[in-house]
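So the chains spell out like this:
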Amino acid sequence: MRLCSYPLSSLLPLLQSPPRPLLHRCRLSALSADGGAAPRRRLSTDGPASQPVIGQDSVEVLGHSYPRDDFTNVTPKILAKVGRNLHNQSHHPLWLIKERIKAHFYSAYAAKRGNPLFSVHDNLSPVVTVEQNFDSLLIPPDHPSRKRGDNYYLNRNTMLRAHTSAHQRELVRSGLDAFLLAGDVYRRDEIDCSHYPVFHQMEGVRLFSDIELFSAVQNGEELSLFESRGRRTPQKQEAHSLEAVKLLEFDLKQTLTRLVTHLFGEDIEVRWVDCYFPFTHPSFELEVRFQGDWMEVLGCGVMEQQLLDSAGAGDKAGWAFGLGLERLAMVLYNIPDIRLFWSQDERFLKQFRVQHIQQPVCFQSLSKYPPLHNDISFWLPESEDGRESFIENDFYDLVRSIGGDLVEKVSLVDEFMHPKTGRRSQCYRIVYRHMERTLTQQEVRLVHEQIERSAETELGVQGRF
């Protein structure tokens with residue numbers, strides 16, 4: 001059969017979806033490696049043997065030991081978050097969002113015998129191989145998302161996952177055609193009220209055979225998922241037929257429109273934006289109009305067929321999506337600071353102990369204690385072999401490792417280049433604010449001085465303190 005001659009008129013009733021704006025390139029996120037020597041800060045943790053430990057030669061986490069090498073950059077404060085699994089703590093706001101999404105998919109999509117179509121996987125280890133995190137998703141070796149400065153590596157071959165998509169291939173290979181996946185993910189990032197080095201994602205995958213995808217189409221038995229000698233275009237991959245991609249796109253957008261309607265309400269306004277991810281094509285972001293502004297809530301797309309081929313599902317085609325649980329919770333519950341998700345303050349936690357997961361929560365902000373800010377200025381180390389030897393994320397990570405959740409925000413407030421020597425200087429403002437009490441300048445100064453000393457010894461900067 002020649003698919004190119006098949007009339008698309010019979011597909012039109014199934015292909016009604018919002019118009020797409022002009023294409024723009026999106027940042028890589030889960031459906032959103034350069035670096036110097038390992039830090040010289042003493043990396044160890046106190047506590048029982050079951051707790052994560054960073055020793056001189058190895059990193060122990062979740063009962064396993066991993067040898068250290070020049071790529072090891074995970075810190076005790078980050079490892080202390082591994083195993084907390086906020087998304088599985090009953091009546092935590094992240095748990096509520098996860099359970100609401102799960103309940104929606106359970107009720108809206110059922111298999112032939114009435115069982116839920118989508119299986120749920122929310123307890124997979126966050127320790128993955130570099131191959132799982134990048135190669136299995138077709139992320140090129142030179143892609144900037146692989147940088148040591150952007151990720152937490154246990155060693156060159158093992159890391160804390162940067163997205164839950166690291167498990168996609170293994171779940172597809174196990175024979176699953178429809179699943180939801182939730183978990184904690186880790187990225188080195190800037191410091192402010194909406195960024196934290198540990199956050200939580202949830203994603204979904206749905207695969208279709210020829211029969212499943214075309215069952216509702218007149219003469220669908222004549223259609224195929226694939227075409228030979230096809231070519232890649234902005235609308236499709238080379239392996240896919242145009243009819244298959246249009247139906248996959250329709251099913252994906254319909255599924256996700258129903259999901260955000262379930263979460264935000266029937267009156268929510270949505271729009272689709274063309275995007276780019278290495279592991280889907282075509283790819284989209286879904287934005288919702290919330291409080292007068294357009295806000296991105298998830299990324300999605302038709303899965304790259306090469307990914308499915310490598311997972312042993314080459315006779316099927318499918319879609320995938322991914323979203324951030326913190327972003328949804330901050331918007332839906334009006335939570336102003338991402339650090340609150342890690343709080344043990346009863347004033348925060350008790351507000352989410354609702355009788356039913358669908359019960360609305362109107363979060364009442366806690367008393368906001370006054371901030372204290374201190375500036376830190378230093379000369380940057382001279383670049384080596386033309387490469388930048390100071391990485392901003394290294395500084396942010398050092399501040400987090402020392403100041404922890406006392407640090408609310410770090411921002412670059414001034415840059416200076418010496419007119420004669422060409423040396424560069426930067427000044428950062430660090431805002432300290434405790435979530436549960438008033439800080440004193442004396443205790444903040446102790447933390448700040450430790451940051452100053454560590455910046456010189458570990459990052460090679462020269463202080464202008």
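Let me sum up the structure you'll find in this document. (Residues numbered from 1 in each chain as written. Predicted model: local features only at pLDDT ≥ 70, side-chain atom pairs only at ≥ 80, totals over all residues. Heavy atoms only, no water.)

1. Looking at the overall build of the protein
- In terms of helices and strands, the protein carries 11 helices and 17 strands.
- Counting across all 465 residues of the protein, residues that qualify as buried make up 52%.
- Summed over all atoms, the accessible surface of the protein reaches about 21,800 Å², with 48% contributed by carbon and sulfur. (Helix = DSSP H or I, 4+ residues; strand = E, 2+ residues; numbered from the N terminus. Buried < 20%, exposed > 50% of the residue type's maximum accessible area, 1.4 Å probe, protein only. Areas by Shrake-Rupley, 256 points an atom, 1.4 Å probe, with all protein chains shown as cover.)

2. Here's the deal with the environment of Glu436
- Position of Glu436 among the secondary structure elements: in the loop between β16 (424-432) and α11 (441-459).
- For the pair Glu436 and Gln344, spaced 92 residues apart in sequence, the C-alpha separation works out to 9.7 Å.
- One polar contact links Glu436 to Ser343, side chain to side chain, over a distance of 3.5 Å. (Polar contact = N/O pair within 3.5 Å; in protein donor to acceptor, adjacent residues only side chain to side chain.)

3. Observations concerning unusual backbone geometry
- Cis geometry is adopted by the peptide bond preceding Pro282, which originates at His281 and carries an omega value of -5°.
- Phi is positive for Leu62, close to 55°, though the residue is something other than glycine.
- A relative accessible area of 41% means that Leu62 is categorised as partly exposed.
- Backbone geometry at Arg229 places phi at a positive 55°, although glycine is not the residue there.
- Note on placement: Arg229 falls in the loop between α5 (210-214) and α6 (242-264).
- Overall, the relative accessible area of 83% leaves Arg229 in the exposed class.

4. Looking at the sheet that holds strand β3 (residues 64-67)
- Taken in spatial order, the 3 strands of this open sheet run β1-β2-β3, and their pairing is antiparallel. The open sheet has two edge strands, β1 (53-54) and β3, and neither has a second partner.
- Looking at chain direction, β1 and strand β2 (residues 58-61) are connected through 2 bridges and run antiparallel. Paired with Val53 across the two strands is Glu60, which belongs to β2. (Pairing = 2+ DSSP bridges.)

5. Here's the deal with the nonpolar core
- By size, the foremost hydrophobic cluster in this structure holds 76 residues, and its most contacted members are Ile101 and Phe264.
- Element by element, the count of residues in this core is highest for α6, at 9 residues.
- Excluding its chain neighbours within four sequence positions, the residues that come into contact with Ile101 are Met202, Leu259, Leu263, Leu323, Leu325 and Leu328.
- Membership of the second largest hydrophobic core comes to 24 residues, among which are Phe134, Ala166, Val172 and Phe179. (Core = buried A, V, L, I, M, F, W, Y, C linked by side-chain atoms within 4.5 Å. Contact = heavy atoms within 4.5 Å.)

6. With respect to helix α2 (residues 93-108)
- With 16 residues, α2 extends 23 Å between its outermost C-alpha atoms, agreeing within 8% with the 22 Å of an ideal straight helix rising 1.5 Å per residue.
- Most of α2 sits inside the fold, with 12 of its 16 residues counted as buried.
- Looking only at α2, the buried set comprises Pro93, Leu94, Trp95, Leu96, Ile97, Lys98, Glu99, Arg100, Ile101, Lys102, His104 and Phe105. (Expected span 1.5 Å × (residues − 1).)

7. Focus on the packing of helix α10 (residues 392-403) against α11
- It is the contact of α10 with α11, at a shortest axis distance of 10 Å, that shows an interaxial angle of 140°. When the axes of α10 and α11 are compared, the pair comes out oblique. Here α10 runs over α11; the crossing is right-handed. Residue-level inspection shows Asp394, Phe395, Leu398, Val399, Ile402 and Gly403 of α10 in contact with α11, the latter providing Val447, Gln450, Ile451, Ser454, Ala455, Glu458 and Leu459. (Axes fitted to C-alpha atoms, helices over the stretch in contact; angles between N-to-C directions. Parallel < 35°, antiparallel > 145°, perpendicular 65-115°, else oblique. Left-handed = near helix turned anticlockwise from the far one by under 90°.)

8. Some words on the pairing of strand β12 (residues 293-303)
- The buried count for β12 comes to 9 of 11 residues, which makes it a mostly enclosed element.
- Judged from the 9 bridges that link them, strand β11 (residues 280-290) and β12 form a sheet pairing that is antiparallel. Bridge pairing links Glu285 to Gly299 in β12.
- In this sheet, strand β13 (residues 317-324) lies alongside β12 in antiparallel orientation, the contact comprising 5 bridges.

9. A word on the pattern of salt bridges
- Within the structure shown, the criterion is met by 26 salt bridges.
- In this structure, the salt-bridge partner of Arg339 is Glu408, at a minimum N-O distance of 3.3 Å. Of this pair, Arg339 sits in the loop between α8 (325-332) and α9 (346-349) while Glu408 sits in strand β15 (residues 407-417), and the two are 69 residues apart along the sequence. Each member of the pair, Arg339 as well as Glu408, carries the same accessibility label: buried.
- One network of salt bridges, with partners in common, ties together Lys98, Glu99, Lys102 and Asp122. (Salt bridge = Lys/Arg side-chain N within 4 Å of Asp/Glu carboxyl O.)

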